[in-house]
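# Observations on the three-dimensional arrangement
The lines below spell out each chain.
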Amino acid sequence: METYCDRCGKPSADGGHEACRRARALEPPRYCVRCARRMVVQVTPMGWTARCVEHGALTSA
Amino acid sequence: MTDILEVARRQVLEEGKGLTAEQAYECLTLPDERLEDLLALAHEVRMRWCGPEVEVEGIVSLKTGGCPEDCHFCSQSGRFESPVRSVWLNIPELVEAAKETAKTGATEFCIVAAVRGPDRRLMDQVREGIKAINEAVEINIACSLGMLTREQVDELVAMGVHRYNHNLETARSHFPNVVTTHTWEERWETCLMVKEAGMELCCGGIIGMGETVEQRAEFAGQLAELEPDEVPLNFLAPRPGTPFEHYGLVEGGEALKTIGAFRLALPRTILRYAGGRELTLGDLGTRSGMLGGINAIIVGNYLTTLGRPAEQDLQLLSELRMPIKALSKTL
């Protein structure tokens, strides 16, 4: 199954996501890794939640 | 020519009079080998006029994304192809965020919304949120809801909002390169109304948005003229999809010079580390800034990006023997 970069939403297989991986240390995910949809993300002081309309929610916990 | 740090020692440290924009420019253009001297003096000034205490704050986005303004640094503008989608925080989540913040020892919690200015729905949500937070946890509440009318200022005062954040963002001369949907003067106007109403004013900006060093000094001078109770200093973290996406990071030494110069221009102000410090300064630079004029921090995450773990900042404050305390206009 094709997967996607959770920072830029492009196919993981395309490569070149090193910068995305580094940036993700200080960013929540923005795209669903399964469908590349933009997720609804809420950042709170100590965590985050990211919800894909199709594939459900992820949390930082 | 007299050395600017000698001048600052007499004028700022001894007499408590902040540097002018021209003098701040001299600090910003000191050679790199004078950086340590600048930071040491800025630290002395902070200790003399503010004390060793540090104010710790948490912030949360009540309404994220979909903003009609075009602030070129912001991923929450609805005008750019940003990955940030619109979302509202509900009241239980807001209260939970305030409780999480208070658990760190923070004394300040700021509720932020990505809007031009608040509409009725947002004001009602803020009112309900503040009531619920006050029932659940003891913490000072600040707000950042964009440009206000005088009636809205009064309404926030009545809700018990003790401090209002509204950044000028950058020097007046550079502002049109950063925002085109409203003016610097409109922001200034809201800041004045906040002060007149007796709320504490939190007003700062972002360094690294293409401004010149002269404009950084100009900005310091304009903030000093406004006399805010708090100045949050952000360093640009370029966001995907924004017009500033491809801007570089501010170099660490330059960021530290900015901290030192702003402290010397604003000797009695709460000078807060805000967004971008993790990228621009890293752990070592963060420590240097705490010993170079900073006396307040945002802990934990920011509005759409993440910070370093709160424990790391609290550990640093403990090592530096800087106790956490609410600071205010009494400084």
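Structural notes, computed from the coordinates. As the structure is a computational prediction, the values presented were derived from the model and not from experiment.

## Here we look at the overall build of chain B
For chain B, the helix and strand inventory stands at 12 helices and 10 strands. A compact globule built from 331 residues would reach a C-alpha radius of gyration of about 20 Å, and chain B, at 19 Å, matches this within 12%. Considered along the principal axes of its C-alpha atoms, chain B spans approximately 60 × 40 × 35 Å. Of all 331 residues assigned to chain B, the portion counted as buried reaches 53%. In chain B, 81% of the contacts between residues at least 6 apart in sequence involve partners at least 24 apart.

## Comments concerning the environment of leucine 291 of chain B
All names here are of chain B. Note that leucine 291 resides in the loop between α11 (282-290) and β10 (296-298). Taking the C-alpha atoms as reference points, leucine 291 and leucine 62, 229 residues apart in sequence, are found 33 Å from one another. If we ignore the near neighbours within four places in the chain, the residues touching leucine 291 are Leu39 and His43.

## Some remarks on the environment of glutamate 44 of chain B
Residues and elements named next belong to chain B. Turning to its location among the elements, glutamate 44 is positioned in helix α3 (residues 35-49). Since 16 C-beta atoms lie within 10 Å of it, glutamate 44 is described here as partly exposed. Between the alpha carbons of glutamate 44 and leucine 291 there is a distance of 8.9 Å; along the sequence they are 247 residues apart.

## Section: the environment of leucine 13 of chain B
Residues and elements named next belong to chain B. Mapped onto the elements of the fold, leucine 13 is located in helix α1 (residues 4-14). Expressed as a C-alpha distance, the spacing of leucine 13 and leucine 41, which sit 28 residues apart in the sequence, is 8.0 Å. Filtering out sequence-adjacent residues up to four positions away, leucine 13 remains in contact with Ala8, Leu41, Glu44, Val45 and Arg48.

## Some thoughts on the pairing of strand β3 (residues 108-113) of chain B
Residue and element names in this part refer to chain B. Of all six residues that make up β3, six are buried, and the element is covered over most of its length. Of the two faces of β3, the one carrying Glu108, Cys110 and Val112 and the one carrying Phe109, Ile111 and Ala113 are both buried. Note that strand β1 (residues 55-64) and β3 share six bridges and pair parallel. Residue isoleucine 59 lies in a different strand from β3, and its bridge partner there is cysteine 110.

## A short note on the packing of helix α2 (residues 21-28) of chain B against helix α8 (residues 213-226) of chain B
Residues and elements named next belong to chain B. Where α2 meets α8, the axes come as close as 8 Å, and the angle between the chain directions of the two elements is 135 degrees. Comparing the axis directions of α2 and α8 gives the class oblique. Here the hand of the crossing between α2 and α8 comes out right-handed. Residues Ala21, Ala24, Tyr25 and Leu28 of α2 touch α8, and the partners they reach there are Val213, Glu214, Arg216, Ala217, Glu218, Ala220 and Gly221. Of the residues belonging to the contact of α2 with α8, the class tally is seven nonpolar, one polar and three charged.

## A word on the sheet that holds strand β2 (residues 47-52) of chain A
Residue and element names in this part refer to chain A. Judged by pairing direction, the sheet is antiparallel, and its three strands sit side by side in the order β1-β2-β3 without closing on themselves. Strands with a single pairing partner mark the edges of an open sheet, and in this sheet they are β1 (40-44) and β3 (56-59). For this sheet, the mean inter-axis angle between neighbouring strands, taken without regard to orientation, is 15 degrees.

## So, unusual backbone geometry
Phi is positive for alanine 36 of chain A, which is not a glycine, with a value near 70 degrees. Inspection of the secondary structure assignment puts alanine 36 of chain A in the loop between α1 (18-23) and β1. Its 19 C-beta neighbours within 10 Å are what place alanine 36 of chain A among the partly exposed residues. If you check the backbone angles, glutamate 227 of chain B has positive phi at about 55 degrees while not being a glycine. As for its position among the elements, glutamate 227 of chain B is in the loop between α8 and β8 (230-235).

## Some points on the interface of chain A and chain B
One frequently used descriptor of interface size is the decrease in accessible area upon assembly of the parts. Taken together, the contact between chain A and chain B spans 13 residues of the former and 21 residues of the latter. Looking at side-chain class alone, the side of chain A that touches chain B contains eight nonpolar, two polar and three charged residues.

## Here we look at the packing of helix α9 (residues 252-265) of chain B against α11 of chain B
Residues and elements named next belong to chain B. Axis separation between α9 and α11 bottoms out at 10 Å; the angle between their running directions is 15 degrees. On the basis of the axis angle, α9 is roughly parallel to α11. Handedness of the α9/α11 crossing: right-handed. Packed against α9, whose contacting residues are Gly252, Ala255, Leu256 and Ile259, the element α11 presents Gly285, Ser288 and Gly289 at the interface. Grouping the constituent residues of the contact of α9 with α11 by class yields three nonpolar, four polar and no charged.

Conventions we followed
Residues numbered from 1 in each chain as written. Chains lettered and ligands numbered in written order. Predicted model: local features only at pLDDT ≥ 70, side-chain atom pairs only at ≥ 80, totals over all residues. Helix = DSSP H or I, 4+ residues; strand = E, 2+ residues; numbered from the N terminus. Rg over C-alpha atoms; globule rule 2.2 N^0.38 Å. Buried ≥ 20, exposed ≤ 12 C-beta atoms within 10 Å, placed from the backbone. Contact = placed C-beta atoms within 7 Å. Pairing = 2+ DSSP bridges. Axes fitted to C-alpha atoms, helices over the stretch in contact; angles between N-to-C directions. Parallel < 35°, antiparallel > 145°, perpendicular 65-115°, else oblique. Left-handed = near helix turned anticlockwise from the far one by under 90°. Nonpolar A, V, L, I, M, F, W, Y, C, P; charged D, E, K, R; others polar.

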